[in-house]
Amino acid sequence: MWHRLTHAVVPHSHDSRAKIDPELESSRDGLRALWISLVGLGITAIAQAVIVVLSGSVALLGDTLHNVADALTAVPLGIAFLLGRRAATRAYTYGYGRAEDLAGIVIVLVIAGSAVAAAWTAVDRLLRPAEVTHLPWVAAAGLVGFVGNELVARYRIRVGRSIGSAALVADGLHARTDGYTSLAVLAAAGGAALGWRWADPVIGLVIAVAISFVLKDAAREVYRRLMDAVDPAIVDQAETTLRAVDGVQDVAAVRLRWIGHRLHAEAELVVNANLSLVAAHEIAADAEHQLTHAVPRLTTATVHTDPDSHPGCHHHTDLSHQRRQAPRS
């Protein structure tokens, strides 16, 4: 219970890349679970919003905004599924995976607006106390938030386990922990019933802090993907895989980048200078094949081979000049 309560206000990943795996992406049940759970959270937020208008509860407003912010994390997944299936064109030679990053920017802005709105309203209520009305409805709305998140969690976990999607199971556990944030609204309603006017805005501030944690996590992930950052452990894994390929003497360079929720790699390998073109090509093809199997989410790789007499790309310019200056046969 303590782990779940603390997780509700501790940053957790909203990176869509971490939420997509082959089982989820290729399964109609998985896609259906994403959209149904999004609708479920949306209905929960709408029901809470109605009671916010009637009661004026700041704590309930913060929880409603929190649920909206979490529901929006499904948007990059939807964009990834829809646009990611489109074929590359002459203009967009790498496809449309970057649309996911643009959606991430929009979501960060929406979450930021939610955090500011929740905090501003809570502070204003502390400075200008007001009575919270319809307390039973406020308490009921907190329970609705908890139940809504729990139902979504159970559905995601059940479908995730049935199709073998660890990502969907993890997202279900995330929804379950967020449900405990909604229970804080009960404390606000109880405090207001006892005449503690400060209870509702204080709980509202606590929830605003929880939203700010979500914002920090989401903003960091969006920044990293815009800057083409990858986990260094993935780079280490790629280098280890390439060095184990028969015929590879050294790995001069490895670069990886996310394109949507898939990885693309570029590698420079050093091979024996006396190999034939066909033999060097076979090594490159083997390296590419092994790499796509060893690195999760890696779908494409460009492998370049250098002879051990001229290892590294810094030799390419000199070789090009020498070739152009040499007499043509």
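Up top is the structure these notes are about.
What comes next is a walk through the structure.

Calculation rules
- Residues numbered from 1 in each chain as written.
- Predicted model: local features only at pLDDT ≥ 70, side-chain atom pairs only at ≥ 80, totals over all residues.
- Heavy atoms only, no water.
- Patch = residues over 30% accessible without salt bridge, like charges linked within 9 Å, V, L, I, M, F, W, Y side chains within 5 Å.
- Areas by Shrake-Rupley, 256 points an atom, 1.4 Å probe, with all protein chains shown as cover.
- Salt bridge = Lys/Arg side-chain N within 4 Å of Asp/Glu carboxyl O.
- Helix = DSSP H or I, 4+ residues; strand = E, 2+ residues; numbered from the N terminus.
- Buried < 20%, exposed > 50% of the residue type's maximum accessible area, 1.4 Å probe, protein only.
- Core = buried A, V, L, I, M, F, W, Y, C linked by side-chain atoms within 4.5 Å.
- Contact = heavy atoms within 4.5 Å.
- Axes fitted to C-alpha atoms, helices over the stretch in contact; angles between N-to-C directions.
- Parallel < 35°, antiparallel > 145°, perpendicular 65-115°, else oblique.
- Left-handed = near helix turned anticlockwise from the far one by under 90°.
- Nonpolar A, V, L, I, M, F, W, Y, C, P; charged D, E, K, R; others polar.
- Expected span 1.5 Å × (residues − 1).
- Polar contact = N/O pair within 3.5 Å; in protein donor to acceptor, adjacent residues only side chain to side chain.
- Pairing = 2+ DSSP bridges.
- Right-handed = clockwise from strand over helix to strand, strands pointing away.

A cluster of nonpolar side chains, contributed by Leu102, Ile105, Leu109, Tyr223, Leu226 and Met227, occupies part of the molecular surface with about 650 Å² of accessible area. If you list the elements that add at least two residues to the nonpolar patch, you get helix H6 (99-127) and helix H9 (199-226). At three residues, the largest contribution of residues to the nonpolar patch is made by H6. Structurally, methionine 227 can be placed in the loop between H9 and helix H10 (232-243). With a relative accessible area of 53%, methionine 227 lands in the exposed category.

With 25 residues, the main nonpolar core has Leu60, Ile111, Val138 and Ile211 as its most contacted residues. Among the elements of the structure, helix H3 (28-55), helix H4 (58-71), H6, helix H7 (135-163), helix H8 (166-193) and H9 are those that each provide at least two residues to this core. No other element matches the seven residues that H9 contributes to this core. Setting aside its immediate chain neighbours within four residues, isoleucine 211 contacts Gly62, Leu65, His66, Ile111, Ser114, Ala115 and Ala118.

Here the focus is the packing of H6 against H9. Where H6 contacts H9, the axes come no closer than 8 Å and their chain directions differ by 160°. Relative to H9, the element H6 is oriented roughly antiparallel. In this structure, H6 crosses over H9, and the sense of that crossing is left-handed. Of the residues assigned to the contact of H6 with H9, the class counts are 21 nonpolar, four polar and five charged.

What follows concerns the pattern of salt bridges. Side chains that carry opposite charge are capable of pairing whenever their charged atoms lie near each other. For the coordinates displayed, the defined rule picks out six salt bridges. Here glutamate 150 and arginine 154 are joined by a salt bridge, their closest N and O atoms 3.0 Å apart. Here the residue glutamate 150 and the residue arginine 154 both occupy positions in helix H7, the gap between them amounting to four residues, near one helical turn. Since its relative accessible area comes to 14%, glutamate 150 is described here as buried. By relative accessible area, arginine 154 is classed as exposed at 52%. Aspartate 228 is the salt-bridge partner of arginine 257, the closest N and O atoms lying 2.9 Å from each other. Here arginine 257 is found in strand S1 (residues 250-259), whereas its partner aspartate 228 is found in the loop between H9 and H10, with 29 residues between them in sequence. Residues joined in a network through salt bridges with shared partners are Arg98, Asp228 and Arg257.

The next point concerns H4. In this model H4 runs 20 Å from its N-terminal to its C-terminal C-alpha over 14 residues, within 8% of the 20 Å that 1.5 Å per residue would give. Where burial is concerned, most of H4 is hidden: 12 out of the 14 residues are buried. With a side-chain oxygen lying 3.2 Å from the backbone nitrogen of leucine 60, the N-terminal cap of H4 falls on serine 57.

Taken together, the three strands give an open sheet; going across it, the order is S1-S2-S3, and neighbouring strands pair in mixed fashion. In the strand order of this sheet, the two ends are held by S1 and strand S3 (298-307), each with one partner. Pairs of neighbouring strands in the sheet enclose a mean axial angle of 15°, with direction left out of account. By the bridge criterion, nine bridges tie S1 to strand S2 (residues 262-271) in an arrangement that is antiparallel. Looking at S2, one finds that leucine 256 is bridged to alanine 265. Docked against the sheet, helix H11 (residues 277-294) engages S2 and S3, running at close to 150° with respect to S3.

Their axes nearest at 9 Å, the elements H10 and H11 cross at an angle of 140°. Judged by the angle between their axes, H10 and H11 are oblique. Relative to H11, the crossing made by H10 is right-handed. Where H10 approaches H11, its residues Gln237, Ala238, Thr241 and Leu242 are matched on the opposing element by Ala287, Gln290, Leu291 and Ala294.

The residue isoleucine 163 is located in helix H7 in this model. The exposure class of isoleucine 163 is buried, given its relative accessible area of 17%. C-alpha of isoleucine 163 to C-alpha of aspartate 29: the two residues are 134 residues apart in sequence and 7.7 Å apart in space.

This part covers the pairing of S2. S2 sits mainly inside the fold: eight of its 10 residues count as buried. Sheet topology note: the S2/S3 ladder contains nine bridges and is parallel. Considered in S3, the bridge of histidine 264 is made with threonine 300. Read as a crossover between parallel neighbours, the route from S2 over H11 to S3 is right-handed.

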